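# Coordinate analysis (summary)
Okay, here's what each chain looks like letter by letter:
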Amino acid sequence: MNREHHYSVDVAWLGNRGTGTSGYREYGRQGTIEAAGKHPIESSADRTFHGDADRWNPEELLLAALAECHMLSFLHVAVKHGVVVTGYTDAATGTMEQEGDGGRFTSVTLHPRVTVTASVEPEEFERMHAEANAVCFIANSVAFPVHHDAVAVVEAADVEADGDRADVDRADVVG
């Protein structure tokens, strides 16, 4: 079954300093990204390209989209595999090569740290991330590899110690 989903955003440039784009250093790179019913995102170019480092740049937004999509896809895959996830963080990294005035991303590596309630075999954990990658809409839309350097952390159950309850946060890193 082929289903189309449609999305829209509004982008506005806020960087006219009075002379427009009369020169490369004469305009700001600030903008906003908005979608109906959501908080606006303050955007800019990367600082390297005269942008505002306090605002999100397109390169960071691409990494965020890939990491968020993979997370949501992995959570779906975990349910299908009967794996209970109780925590998930990622510190995604990407490499972009500049070629003249343009450039492109050459790779992204996601670094998910997934907390689970029971041990998962490393091979199954890798297969789950591969399956999540295969169903991630954003990863399927980019023309560069998206790698995964994932770690599973097994959440330890409450432990009884001499009749007193002791809570253990996390143990047994797998992956």
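Placed above this text is the structure.
Fair warning: this is a prediction, and the values are worked out from it, not measured in the lab. Throughout this description, residue numbers start from 1 for each chain and increase along the sequence as written. Totals for whole chains, interfaces and linings use all residues, but because this is a predicted model, local features are given only for residues with pLDDT of at least 70 and pairs of side-chain atoms are given and counted only at 80 or more. As a rule here, side-chain values cover all heavy atoms of the structure and leave hydrogens and water aside.

Moving on, we come to the overall build of the protein. Think of it this way: any DSSP run of H or I at least four residues long counts as a helix, any run of E at least two long counts as a strand, and we number them from the N terminus. If you tally the helices and strands in the protein, you get 2 helices and 12 strands. The helix and strand sequence of the protein, counted from the amino end, reads β-β-β-α-β-β-β-β-α-β-β-β-β-β. Burial status follows relative accessibility: with a 1.4 Å probe on protein chains alone, a residue under 20% of its type maximum counts as buried, one over 50% as exposed, and anything between as partly exposed. Burial statistics for the protein: of 175 residues in total, 30% are counted as buried. Note on definitions: a residue-residue contact is assigned when non-hydrogen atoms from the two residues lie within 4.5 Å. Within the protein, counting contacts between residues at least 6 apart in sequence, those at least 24 apart form 48% of the total. In the structure as shown, the protein presents an accessible area of about 11,700 Å², 50% of it carried by carbon and sulfur atoms. All accessibility values rest on the Shrake-Rupley procedure with a 1.4 Å probe; residue burial counts only the protein chains present in the view.

A separate point is the nonpolar core. The biggest cluster of nonpolar side chains holds 15 residues, and the ones touching the most others in it are F74, V83, V114, V116, V120, F125 and M128. Where this core is concerned, the elements lending two or more residues are α1 (58-81), β7 (113-116), α2 (122-135) and β9 (151-154). With 4 residues, α1 is the largest single contributor of residues to this core. Excluding its chain neighbours within four sequence positions, the residues that come into contact with F125 are F74, V114, V120, A150, V151 and A152. Among the buried residues, those of types Ala, Val, Leu, Ile, Met, Phe, Trp, Tyr and Cys that are joined through side-chain atoms within 4.5 Å form a nonpolar core.

Between the first and last residue of a helix there are one fewer steps than residues, each counted as 1.5 Å, and that sum is the expected span. For α2, spanning 14 residues, the distance from its first C-alpha to its last is 20 Å, which sits close to the expected 20 Å at 1.5 Å a residue. Listed in full, the buried residues belonging to α2 are F125, M128, H129 and A132. On an axial view of α2, the arc spanned by its buried residues comes to 95 degrees, and they lie on one face. Looking at α2, the residues exposed on the side facing more than 90 degrees away from the buried face are E126, R127 and A134. Arc, as used here, means the arc of the directions from the helix axis to the C-beta atoms.

So, about the sheet that holds strand β1 (residues 10-13). Strand order in the open sheet made by the 3 strands is β1-β2-β3, with antiparallel pairing throughout. Strands with a single pairing partner mark the edges of an open sheet, and in this sheet they are β1 and β3 (41-43). Ignoring which end each strand starts from, the neighbouring axes of this sheet average 20 degrees apart. Note that strand β2 (residues 31-34) and β3 share 3 bridges and pair antiparallel. In the strand pairing of β3, I33 is matched with I41. Should DSSP find at least two bridges between two strands, the strands are regarded as paired. Axis definition: a line fitted to C-alpha atoms, limited for helices to the stretch in contact. Angles are taken between N-to-C directions and run from 0 to 180 degrees.

For H50, which is not a glycine, the phi torsion comes out positive at approximately 70 degrees. In this fold, H50 is placed in the loop between β3 and α1. Relative accessible area serves as the criterion here: at 28%, H50 is assigned to the partly exposed category.

A word on the packing of aromatic side chains. Aromatic pairs are defined between Phe, Tyr and Trp rings, using the six-membered ring for Trp, whenever the two ring centres lie within 6.5 Å; interplanar angles under 30 degrees are classed as stacked, those over 60 as edge-to-face, and all others as tilted. Enumeration over the complete set of coordinates arrives at 5 aromatic pairs. One aromatic cluster is present, formed by W13, Y24 and Y27 through successive ring pairs. The ring of Y24 has R29 lying over it, and the distance from NZ or CZ to the ring centre is 4.6 Å. Geometrically, a charge over a ring is one whose NZ (Lys) or CZ (Arg) sits within 6 Å of the ring centre while staying within 35 degrees of the ring normal. The lysine or arginine in question, R29, covers the ring of Y27, its NZ or CZ lying 3.9 Å from the ring centre.

On the basis of which strands lie adjacent, the open sheet formed by 3 strands has the order β5-β6-β8 and mixed pairing. Lying at the two open borders of the sheet, with one neighbouring strand each, are β5 (93-99) and β8 (146-148). Each adjacent strand pair in this sheet contributes to an overall mean axis angle of 20 degrees, direction not counted. Where β5 meets strand β6 (residues 102-110), 7 bridges bridge the pair, whose relative direction is antiparallel.

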